[in-house]
Structure formats: C-alpha cells, structure tokens
Amino acid sequence: MGDSKKFPDSFVWGVAASSYQIEGAADRDGRTPSIWDTFSETPGKVYGGHTGALACEHYVRYPEDVRLMAQLGVKHYRFSVSWSRIFPEKGVLNERGLAFYRSLLEEMEKHGITPLLTLYHWDLPQWIQDEGGWVNRNTIDYYLDYARVMFATFGADVPIWNTINEPWCAAILGYGVGVHAPGHTNWREAIVAAHHLLLASGLAIREYRKFGLTGRIGITLNLDHNDSATEDERDEAARRRHDGHLNRWFLDPLYKEDYPEDMKAWYHPRIGEFDFIVPGDMEIIGEPGDFLGVNYYTRTVIREGNDHPVLLTEQVVQEGCEVTDMGWEVHPESLFKLLCRIRDDYADIPIYITENGAAQDDHMVDGKIEDADRIRYLQAHLEQALRFIRIGGNLQGYYLWSFLDNFEWAYGYGKRFGIIHVDFGTQIRTPKQSAYWYRNVMLAGGLPGSD
Ligand code: GBH
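Remember, it's a predicted structure, so these values are computed and weren't measured experimentally. (Residues numbered from 1 in each chain as written. Predicted model: local features only at pLDDT ≥ 70, side-chain atom pairs only at ≥ 80, totals over all residues. Heavy atoms only, no water.)

> Outline helix α7 (residues 138-154), listing residues and values.
Taking 1.5 Å per residue, 17 residues should reach 24 Å; α7 reaches 25 Å between its end C-alpha atoms and fits that length. T139, I140, Y142, Y143, L144, Y146, A147, V149, M150, F151 and F154 are the residues of α7 that are buried. (Helix = DSSP H or I, 4+ residues; strand = E, 2+ residues; numbered from the N terminus. Expected span 1.5 Å × (residues − 1). Buried < 20%, exposed > 50% of the residue type's maximum accessible area, 1.4 Å probe, protein only.)

Printed below as a string of structure tokens:
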C-alpha cells in the first residue's frame with residue numbers, strides 16, 4: 001500500500017454498537033424493561049417478532065468480543081449504556097448495572113481500546129415512558145441524574161462521551177412516525193420530544209463541565225445530504241421541508257440557538273403553539289459541545305407527495321443508483337457535501353463520523369464470508385472523508401457501524417450491518433472479508449490504492 005491515501009496519524013479508527021442491539025440479558029442483574037423491550041414484544045412492530053432479549057449475548061460474551069476487536073486491530077470502540085440497568089426503577093441506583101460497564105471498560109483497557117460512551121441510544125427505561133417519556137419535561141431530570149452517575153463513576157476512564165444518539169430517530173420515528181419505540185404517531189409529541197432531547201443533551205454537557213474532567217463530550221445527529229427529484233419549484237420546496245425537519249431542525253438550535261423559521265411556520269398550523277419552549281432553553285441547547293458526532297448512511301432524493309403526512313413529501317430512489325439491503329442509496333459524495341455544509345453553514349468544529357456502514361446479506365465463498373459490496377461502500381465513503389480532511393476539514397475520527405451483526409430495530413435480525421458475522425443460533429462470531437479489509441486500513445492508517 002502506498003502512502004497516498006493516508007489519514008492523519010491522530011485519526012481515530014473505531015467500530016460502533018449500541019446496548020439494546022447487542023447486549024441481550026434483558027432481565028439480568030436487575031435490569032428492567034426499556035421501551036424497546038415493550039415495543040418489540042408488541043405483535044406486529046418488529047420484523048419476524050424479533051426482540052433484543054438475547055441479541056448477541058454481548059452481556060456475557062463481552063470478553064470474547066473485546067478480544068476479537070483487539071485481534072482485528074481496533075483501537076476505539078463506541079458503545080452505549082442501557083439506562084434501565086443503571087436506574088431500573090425511579091430513584092433506585094443499581095450497582096450491578098454499573099459493575100457490568102466497569103468490567104467492559106476494564107477489558108477494553110487491557111486490550112488498549114479507547115471507549116466512546118453513548119449515554120442514550122434509544123432504550124429509555126419503561127418506567128420513565130410510563131410517566132410520558134420524552135414528551136414529559138421531567139424526563140430531562142431523570143436523564144441528568146443518570147448522566148451524573150455515569151460521569152462520577154466513569155469520568156476518569158472514558159475520554160469521549162456522546163450525550164444522545166440521533167435525537168431525530170428517538171423523537172420523530174418514536175413519537176411521530178411510530179416505527180420505533182414507543183410507537184406513537186403524534187407530530188406534536190415528536191417535536192416536543194425532540195426539544196427535550198436537545199435540552200437534555202445541552203444540560204448534560206453543562207453537568208459534564210462541572211466534573212472538571214479532561215475528556216470531550218458532544219451529541220450525535222443523523223444527517224443526510226438531499227437533492228430535489230426535479231427542478232420543479234414544488235419539489236424543491238418539498239426538499240427544503242425534508243431538509244428542514246431532518247437536518248436544520250437539529251443543527252440550527254445547536255449552532256444558531258433557534259429553530260428554523262420556515263419550519264416553525266410549516267409546523268405551527270399542524271402542531272399548535274411552541275409553548276414547550278421555555279425562556280432560556282435555546283441557550284442551553286446551544287451549549288457548545290467539544291465535537292459533533294455525525295451518523296451518515298445515505299443521500300435522499302425528495303419530491304412533493306403524500307407519503308409524509310406532515311411534510312407532504314415523497315422519497316424516491318434515483319434510477320440506476322446502487323442501494324444497500326436497506327434500500328438506501330449508496331452515495332458517498334453526499335458525505336463530502338454534508339461535511340462541507342456543516343463547516344460552512346454552521347461551525348468549524350471537530351467532527352467524528354460516529355456511524356457509517358452498510359447492510360448486506362453475506363454469503364460463503366470458498367469458506368470465506370464474502371461481503372464485497374460492504375467493502376466498496378466503506379472504501380468509497382472513507383475516500384470522501386479523506387477528501388474533506390484534505391481541504392482542511394476538521395474530521396477527527398470514524399466509527400464503523402457495526403462491529404457485530406445485531407438487532408436492527410424494526411428490521412430485527414433481518415438486516416446485517418456487522419463486519420463480524422453472528423450466527424444467532426449458536427452465537428458464533430466469524431469475521432467477514434470486510435473485517436480483514438478494515439484491519440488493514442486501520443493498520444496502515446489509510447486506504448488501499450493510490451489517487
Ligand atoms: C442508525 O440510525 C442507528 O444509530 C443505529 O442504531 C442503526 O443500527 C443504524 O443506523 C442502521 O440503521 O429515508 O429510508 O432513505 C440510522 C438512521 C434514519 C439513517 C433514516 C437513514 C434515511 C433512510 N437512519 N435514514 S431512508
């Protein structure tokens with residue numbers, strides 16, 4: 001491998017996962033149900049009736065998993081904590097929950113793997129949902145109690161923290177579209193929940209600062225680059241609404257301390273007053289984090305239509321565009337455009353790509369688990385990441401989604417994102433060809449091939 005596609009020496013190469021998607025052990029050591037247990041146990045909500053009750057059994061197999069990471073040369077691991085292991089009931093702190101994450105961190109430390117800890121990756125304790133979940137402003141206080149315990153317990157051992165993973169998914173898919181837990185379909189609830197999630201993140205950043213720790217903390221957003229299906233002004237307006245609800249509704253408050261005016265005007269007749277915004281809130285949301293986490297998977301092409309009842313938009317897949325097993329367009333250049341936009345329209349802040357990857361069903365070829373499409377996807381996206389770095393972009397790391405095949409939310413075990421194959425019958429882990437490819441990339445600190 002030549003040196004021509006090398007990343008900076010300080011670049012963080014990692015893999016990512018989340019608690020509910022891999023841990024299993026749903027009722028071990030005092031854990032109580034999260035909204036994802038409830039949701040996945042509700043008939044008709046998740047493909048095949050799958051649940052995360054067993055998942056990858058990472059809760060007991062974590063030593064093997066961490067060893068496997070180390071064998072592949074992984075130096076950074078982004079994982080999340082199951083909140084209902086820590087606070088299984090109101091006001092009850094569960095030491096056995098903390099003990100699990102202590103053991104996991106010790107195992108990682110032994111193998112020289114640096115953690116990025118996500119506090120919230122969608123598995124809200126059910127007891128909090130019973131009080132209204134993210135629609136109820138009190139949930140922020142419960143979240144801060146939890147965050148403080150985590151900072152106090154693991155602050156010294158964890159150098160990078162994520163407050164919230166993808167508030168758009170948690171709020172919009174959970175409370176507005178209903179395809180994620182808790183499965184509500186009320187757009188006002190969705191927008192209120194989004195506000196509370198952003199507030200919770202801002203307040204957690206403030207709390208973190210009080211601990212006098214030397215690490216970094218930031219939120220992770222799921223963002224896209226979007227194009228209009230045609231040049232028709234109505235389609236272009238639809239694209240702006242899509243962009244407004246997904247990207248600007250989250251980036252504007254974080255970096256401009258306000259929700260976008262055009263979207264407020266669109267929502268107002270549909271959801272009512274914005275009386276859930278209390279004076280002072282926007283300042284808290286604008287509390288600067290140390291970095292922005294970006295999860296990027298696909299570009300979206302939008303036109304006016306009736307698929308989306310609130311936005312009056314429709315999504316199309318551009319003819320001839322390659323898609324992954326999720327049906328999502330493979331569009332690496334849009335990652336570059338998105339990164340440039342963050343820098344140009346918002347802030348020149350450090351960015352970590354906290355997730356990027358592809359769903360692909362794999363197959364055996366000559367005793368190897370072949371996933372050439374995934375390798376091409378990863379290579380192409382990392383090339384665009386490098387392109388951004390080369391024009392001076394402040395991109396500092398990349399966490400590949402995902403380490404293991406896992407519980408893919410509403411798709412259950414039907415979609416595989418892992419670079420490690422998991423046989424969910426035997427729990428046997430087998431590296432796919434992409435895992436060996438990524439090992440070489442991490443080892444070389446750059447991509448194969450020359451410009
Ligand atoms: C992430 O969310 C999650 O953080 C992670 O847990 C999950 O396993 C992973 O992605 C893979 O799904 O409009 O149909 O073109 C991803 C958020 C939101 C990204 C919807 C793609 C557009 C899909 N996704 N988005 S589509």
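> Account for the site of the ligand, naming residues and giving values.
The environment of the ligand is made up of 18 residues, and the closest members are Q21, E166, Q315, E408 and W409. Take W328: an N or O atom from its side chain is 3.2 Å from an oxygen atom of the ligand. Here an oxygen atom of the ligand sits 2.9 Å away from a polar atom, N or O, in the side chain of E355. In isolation the ligand has 590 Å² of accessible area, and contact with the protein removes 82% of it. A class-by-class count of the residues in the shell around the ligand yields eight nonpolar, seven polar and three charged. (Near = heavy atom within 4 Å. Polar contact = N/O pair within 3.5 Å; in protein donor to acceptor, adjacent residues only side chain to side chain. Areas by Shrake-Rupley, 256 points an atom, 1.4 Å probe, with all protein chains shown as cover. Nonpolar A, V, L, I, M, F, W, Y, C, P; charged D, E, K, R; others polar.)

> Account for the packing of helix α13 (residues 332-346) against helix α14 (residues 372-390), naming residues and giving values.
Packing of α13 against α14 leaves a shortest axis separation of 8 Å and a crossing angle of 30 degrees. Taken together, the axes of α13 and α14 are roughly parallel relative to one another. Read as a crossing pair, α13 and α14 show a hand that is right-handed. Contacts between α13 and α14 involve P332, E333, L335, F336, L339, C340 and R343 from the first element and A380, H381, Q384, R387 and F388 from the second. The residue inventory of the contact of α13 with α14, partitioned by class, reads seven nonpolar, two polar and three charged. (Axes fitted to C-alpha atoms, helices over the stretch in contact; angles between N-to-C directions. Parallel < 35°, antiparallel > 145°, perpendicular 65-115°, else oblique. Left-handed = near helix turned anticlockwise from the far one by under 90°. Contact = heavy atoms within 4.5 Å.)

> Any chance you could break down the UniProt feature "active site" (unreviewed entry) in the protein chain for me, citing the residues and the numbers?
In the numbering used here, UniProt assigns the feature "active site" (unreviewed entry) to E355. Here E355 lies in strand β10 (residues 351-355). Classification of E355 by relative accessible area gives buried; the value is 4%. Separated by 3.0 Å, the side chains of E355 and R78 make a polar contact. (UniProt positions renumbered as here; feature names shortened; annotations may be inferred.)

> Just give me the short version of the side chain of S84, but keep the residues and values in it.
One can find S84 in helix α4 (residues 83-86). On the basis of relative accessible area, S84 is assigned to the buried category, the value being 1%. Here T32 takes part through its backbone oxygen, which lies 2.7 Å from a polar atom of the side chain of S84. With residues near it in sequence (within four places) discarded, S84 still touches G30, R31, T32, P33, S34 and P125.

> Just give me the short version of the sheet that holds strand β6 (residues 225-228), but keep the residues and values in it.
The three strands are arranged β6-β8-β9 in an open sheet whose pairing can be described as mixed. This sheet does not close on itself; its edge strands, each paired only once, are β6 and β9 (313-316). Averaged over all neighbouring strand pairs, the angle between strand axes comes to 40 degrees, with direction disregarded. Strand direction decides the pairing type here: β6 and strand β8 (residues 299-304), joined by four bridges, are parallel. What sits directly across from D227, in β8, is V301. Lying over the sheet, helix α10 (residues 233-256) contacts β6, β8 and β9, oriented at roughly 130 degrees with respect to β8. (Pairing = 2+ DSSP bridges.)

> Tell me about the packing of aromatic side chains, residues and numbers included.
Under the counting rule described, the total for this entry stands at 44 aromatic pairs. Judged by centre distance (4.8 Å) and plane angle (65 degrees), the ring pair of F11 and W13 falls under edge-to-face. Plain terms: the ring middles of W36 and W409 are 4.7 Å apart, the flat faces sit at 55 degrees to each other, and that makes the pair tilted. With W36 in helix α2 (residues 35-40) and W409 in the loop between β13 (395-401) and β14 (420-422), this residue pair connects regions lying 373 residues apart in the sequence. The buried category is assigned to W409, whose relative accessible area is 5%. (Phe/Tyr/Trp six-rings, centres within 6.5 Å; stacked < 30°, edge-to-face > 60°.)

> Which residues make up the side chain of D371, and what values go with them?
With respect to the element layout, D371 can be found in the loop between β12 (368-370) and α14. A polar contact of 3.5 Å, which involves the side chain of D371, links it to the backbone nitrogen of Q433. Contact partners of D371, with chain neighbours within four places excluded, come to Q360, K432, Q433 and S434.

> Account for unusual backbone geometry, naming residues and giving values.
Residue P182 is bonded to the preceding A181 through a cis peptide linkage, with omega at 5 degrees. Note that P182 resides in the loop between α8 (167-177) and α9 (187-210). Positive phi values are uncommon outside glycine, yet D29 reaches one of about 50 degrees. A positive phi angle, close to 50 degrees, is found at E166, a residue other than glycine. Examined against the element boundaries, E166 turns out to sit in the loop between β4 (160-165) and α8.

> Which residues make up the sheet that holds strand β7 (residues 292-295), and what values do they have?
Taken in spatial order, the eight strands line up as β1-β2-β3-β4-β5-β7-β10-β13 and close into a barrel, and their pairing is parallel. Strand-to-strand, the axes of this sheet are offset by a mean angle of 25 degrees, without reference to chain direction. As paired strands, strand β1 (residues 12-16) and β13 are joined by five bridges and run parallel to one another. If you follow V15 over to β13, its bridge partner there is L400. Against the sheet, α9 touches β3 (114-120), β4 and β5 (216-222), its axis set at about 165 degrees to β5. Contacting β1, β10 and β13, α14 crosses the sheet at an angle of about 170 degrees to β13.

> I'd like a description of the state of the cysteines, backed by residues and values.
Counted by the stated rule, this structure contains zero disulfides. With no disulfide partner, C321 has as its closest neighbouring cysteine sulfur the one in C340, 19 Å distant. Assessed through its relative accessible area of 12%, C340 is described here as buried. (Disulfide = S-S within 2.5 Å.)

> Lay out the pattern of salt bridges in plain terms, naming residues and giving numbers.
Opposite charge on two side chains permits pairing when their charged atoms draw close. If you walk through the whole model with that rule in mind, you get 37 salt bridges. A salt bridge links E314 to R303; the shortest N-O distance between them is 2.8 Å. One end of the pair, E314, is in strand β9; the other, R303, is in strand β8, and 11 residues separate them in sequence. Here the salt bridges do not stand alone but share partners, grouping D243, R248, D262, R341 and D345 into one network. (Salt bridge = Lys/Arg side-chain N within 4 Å of Asp/Glu carboxyl O.)

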